[in-house]
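Working through the structure, step by step
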Amino acid sequence: MHIAQIAPLTEAVPPKLYGGTERVISWLTEELIALGHEVTLFASGDSVTAARLEAVWPRALRLDGAVRDPNALHMMMLERVYQRSGDFDMLHSHLDYYPFSLLSRQSTPFVTTLHGRLDLPEHQPVFDIFSAVPVVSISNSQRRPQPQANWVRTVHHGLPANLLQPKPVTPSYFAFLGRIAPEKGIDRAILIAQHCGVPLKVAAKVDRIDQDYFDEKIEPMMKSGNVEFIGEINDKDKSEFLSGAIALLVPIDWPEPFGLVMIEAMACGTPIIAFNRGSVPEIIDDGLTGFIVEDINGAVGAVDRLGQLSSIKVRRRFEERFTARRMAQDYLSVYRSLSDSRAPHLRLVGTDALAL
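Residues numbered from 1 in each chain as written. Predicted model: local features only at pLDDT ≥ 70, side-chain atom pairs only at ≥ 80, totals over all residues. Heavy atoms only, no water.

Points about helix α12 (residues 311–321)
Test applied: Working definition: with a 1.4 Å probe on protein chains only, accessible area under 20% of the residue-type maximum means buried, over 50% means exposed, and in between means partly exposed. Here a helix means four or more residues in a row that DSSP labels H or I, a strand means two or more in a row labelled E, and each is numbered from the N terminus. The directions considered for the arc run from the helix axis to the C-beta atoms. Two N or O atoms form a polar contact when they lie within 3.5 Å of each other; inside protein one atom must be a possible hydrogen donor and the other a possible acceptor, and for residues adjacent in sequence the pair counts only when both atoms belong to side chains.
Looking only at α12, the buried set comprises Val314, Arg315, Phe318 and Arg321. The buried residues of α12 occupy one face: seen down the axis, they fall within an arc of 140 degrees. A distance of 3.3 Å separates the backbone nitrogen of Ile312 from a side-chain oxygen at the start of α12, and that oxygen is part of Ser310.

Things to note about the pattern of salt bridges
Our working definition: We define a salt bridge as a contact between a side-chain nitrogen of Lys or Arg and a carboxyl oxygen of Asp or Glu at a distance within 4 Å.
Taken as a whole and assessed by the stated rule, the structure comprises 27 salt bridges. Residue Arg23 is joined to Glu264 by a salt bridge in which the shortest nitrogen-to-oxygen separation is 2.3 Å. Of this pair, Arg23 sits in helix α1 (residues 20–34) while Glu264 sits in helix α9 (residues 260–267), and the two are 241 residues apart along the sequence. Judged by its relative accessible area of 7%, Arg23 falls in the buried class.

Some points on helix α7 (residues 211–224)
Put simply, the rule reads: Residue count minus one, scaled by 1.5 Å, sets the expected span of a helix. One axis is fitted to the seven residues ending at the residue and one to the seven starting there. The bend at that residue is the angle between these axes. When checking whether two residues touch, look at their non-hydrogen atoms; a contact exists if any pair is within 4.5 Å.
Spanning 14 residues, α7 covers 19 Å between terminal C-alpha atoms, matching the ideal 20 Å at 1.5 Å per step. When the local axis directions of α7 are compared, the greatest deviation, roughly 40 degrees, occurs at Ile218, which is followed within four positions by the proline Pro220. Here α7 has its buried residues at Tyr213, Phe214, Ile218, Met221 and Met222. Buried residues in α7 make contact with α6 (186–196), β9 (200–205) and β10 (227–229).

Notes on the confidence of the model for the chain
Defined as follows: How sure the predictor is of each residue is captured by pLDDT, a score from 0 to 100.
For the chain, the average pLDDT comes to 93, and 95% of its residues sit at 70 or higher. Within the model, the stretch residues 351–356 combines pLDDT values under 50 with one contact to residues more than four positions away or in other chains.

Looking at the packing of α9 against α12
Short version of the rule: Here an angle of 0 to 180 degrees is reported between the N-to-C directions of two axes, which are lines fitted to C-alpha atoms, with helices fitted over the stretch in contact. An angle below 35 degrees is treated as roughly parallel, one above 145 as roughly antiparallel, one from 65 to 115 as roughly perpendicular, and anything else as oblique. Three categories are distinguished: nonpolar for Ala, Val, Leu, Ile, Met, Phe, Trp, Tyr, Cys and Pro, charged for Asp, Glu, Lys and Arg, and polar for the others, with Gly belonging to the last.
As a packed pair, α9 and α12 sit with axes 7 Å apart at the nearest point and diverge in direction by 125 degrees. Here α9 is positioned oblique relative to α12, judged by the angle of their axes. Where α9 approaches α12, its residues Ile263, Met266 and Ala267 are matched on the opposing element by Val314, Arg315, Arg317 and Phe318. Per-class residue counts for the contact of α9 with α12 are five nonpolar, no polar and two charged.

Laid out in C-alpha cells, this is it:
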C-alpha cells in the first residue's frame, strides 16, 4: 500500500525530546516501511524518516518562535494532502478532528487516530456532526465520552522492541517521567516518595502554560523533599533512567488516553504504580507489570508488594503487547478493512437482462 501519514507540525517526527504523538507516528511509519509498504510522511522539515518526507514547514513549530499562528500552517498541510489524495491508497491523519470535513469530501479511504482527551463539552457536537468519520482510539477508555463516533478499532501504542532495554543496575529510586502539569500528579509523586522515604528522580519538561504551577507549587515541594529534577531526557537516556527505578510513579488525575511512559517502563523491566484513571487498567496487568491504586495511601501500600514482581516478566509482557510491530500490523488491518469497504462491488446481471 501507499500510505500517507499526516503528523502535527508542533514537533519533528520523531521529536527531539518530549512529544508522544510524533514519536508514535515515527515508530508506526518506520514499521510500515519495514513491512514493505510505501509511506509518505507529511510533517515538519526537520523530521528524520525512511519515508518520503513532504516537508510542510522547515522546523517544528515548538522550536520556531517566529510562528504565531500554527493553525494556518496546518490548514495549508491539509489542503496539500487533499490535492494529492489520489496518489495514496490510505490517508492516516493524526490531527484529531481538523481534517474531518475536508477528507470526507474526497474518495481515498482515510482514518484518524485520536490522540487526546475527548471528554470536553465542545467535543460532543463535533462527533455528533461527524458521526460517520472513521476514527481509531488509543484506548477503550478514551471512547467513553463519545459513543456516537464511528470507532473502527482501538489500537494501543507500541514502541520498537529494541529501543529501550533493561540495564544491569540496582534500582534505588522512584521515577517520574514525561510532563509536569497538575493532571500528571507530580505533587502526588513527591508525597508518595516522602511517605516511603525513597528518593524521587523527575525527568520531565515544563510547558510554558504550566510554568507558574511549577514555580509556585512544585519547585518548593522539590526543595523540601528528596527530589532530583533532571529535566527532559531523550530515548537514549531512558533505559538507564527507568532501569534504575524501583518503580515508575504515574499518579495521574485525568482520563489519560494512553500513557506512553507506562510501556516505556515495561520495556525496561520496571514496574509501575499508577492511579486508576483513564487507560491505566488496559495497560497495566495488575500484579504482573505493576499495581493499580486509587490514591496516595494505596500507592504507599503497593510499594511493599513490588518485591513480588519480576522484571523479566514485566519485559516479556511488553514484548507480547506493546511493540511497534504489533501496532503497525493492527493499523494495516484497519487500512485493509476500510479499503475493502470503499472498493466497488460487482453487480451481478441476470441472463435475461443481458439479452435485452
